[in-house]
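Residues per chain, in single letters:
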Amino acid sequence: MGNGLKVLMRFLLLLLLMPLLEIWLFIRVGSYLGAGPTVALVVLTTVAGVAVLRRVGLNTLTRANQRIRAGEVPAQEMGEGLVLVIAGLLLILPGFATDAIGLACLFPPVRRRLLTPWMRSQRRRNMGRPGPGASRTGTTLEGEYRREDEERLERDRHNDDA
């Protein structure tokens, strides 16, 4: 079985088991707290999670902008942004398990832990590759240039002024 097929099968299994887990948790919490408090708790965790997500998301965006201004690629921040989007979706979905996973993703150590394997694989994959704008042959050409059309425009402007 190919690697992509394994990932797809795991995702489908998770898609099947997650609603069952959520239903089981609703029943357990509902039998302990009652229906009204259980629904209120789900709504409260969703609202609180989205509020925290906004704050954490803005902090990540600020860090990404700082890295861009420093001339660096904000790869870590972009990855964290993706995890935050997933966390937001999990927080919006009703349920205790999805809320727990979404809330965990809001903590920077958890996000870094989730992203570390992916970041390593990206670094290994991109090692030795030329960056954007770099010569693919490895040969650097040095020299000077001038644009004749700009010189001609400048001459024409100068002649028009005279």
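Every value quoted in this text rests on a predicted model; they were computed, and no experiment measured them.

*Asks:* Lay out the nonpolar core in plain terms, naming residues and giving numbers.
*Replies:* By size, the foremost hydrophobic cluster in this structure holds 10 residues: Leu-53, Val-56, Val-83, Leu-84, Ala-87, Leu-91, Cys-105, Leu-106, Leu-115 and Met-119. Counting only elements with at least two residues in this core, the list comes to helix H2 (35–69), helix H3 (75–92) and helix H5 (108–126). Tallying contributions element by element places H3 first for this core, with 4 residues. Look past the residues within four positions of Met-119 in its chain and what remains in contact with it is Ala-75 and Gln-76. Formed by 5 residues, the second largest nonpolar core is a distinct cluster that contains Met-18, Leu-25, Val-42 and Phe-96.

*Asks:* Explain the pattern of salt bridges to me, using residue names and the numbers behind them.
*Replies:* In the structure shown here, the tally under the stated rule is 5 salt bridges. For Arg-63, the salt bridge identified is with Glu-80, shortest N-O distance 2.7 Å. Placement of the pair is Arg-63 in helix H2 and Glu-80 in helix H3, with a sequence separation of 17 residues. Taking relative accessible area as the criterion, Arg-63 reaches 28% and is therefore assigned partly exposed. For Glu-80, a relative accessible area of 1% gives the class buried. Ionic pairing is found between Arg-111 and Glu-80, a salt bridge with its closest N-O pair at 3.1 Å. Taken together, the residues span a long stretch of sequence, with Arg-111 in helix H5 and Glu-80 in helix H3 at a distance of 31 residues. Glu-80 shares its class with Arg-111; the two are buried. Via salt bridges that share partners, Arg-63, Arg-67, Glu-72, Glu-77, Glu-80 and Arg-111 belong to a single interconnected network.

Reading the values: rules and limits
- Residues numbered from 1 in each chain as written.
- Predicted model: local features only at pLDDT ≥ 70, side-chain atom pairs only at ≥ 80, totals over all residues.
- Heavy atoms only, no water.
- Core = buried A, V, L, I, M, F, W, Y, C linked by side-chain atoms within 4.5 Å.
- Buried < 20%, exposed > 50% of the residue type's maximum accessible area, 1.4 Å probe, protein only.
- Helix = DSSP H or I, 4+ residues; strand = E, 2+ residues; numbered from the N terminus.
- Contact = heavy atoms within 4.5 Å.
- Salt bridge = Lys/Arg side-chain N within 4 Å of Asp/Glu carboxyl O.

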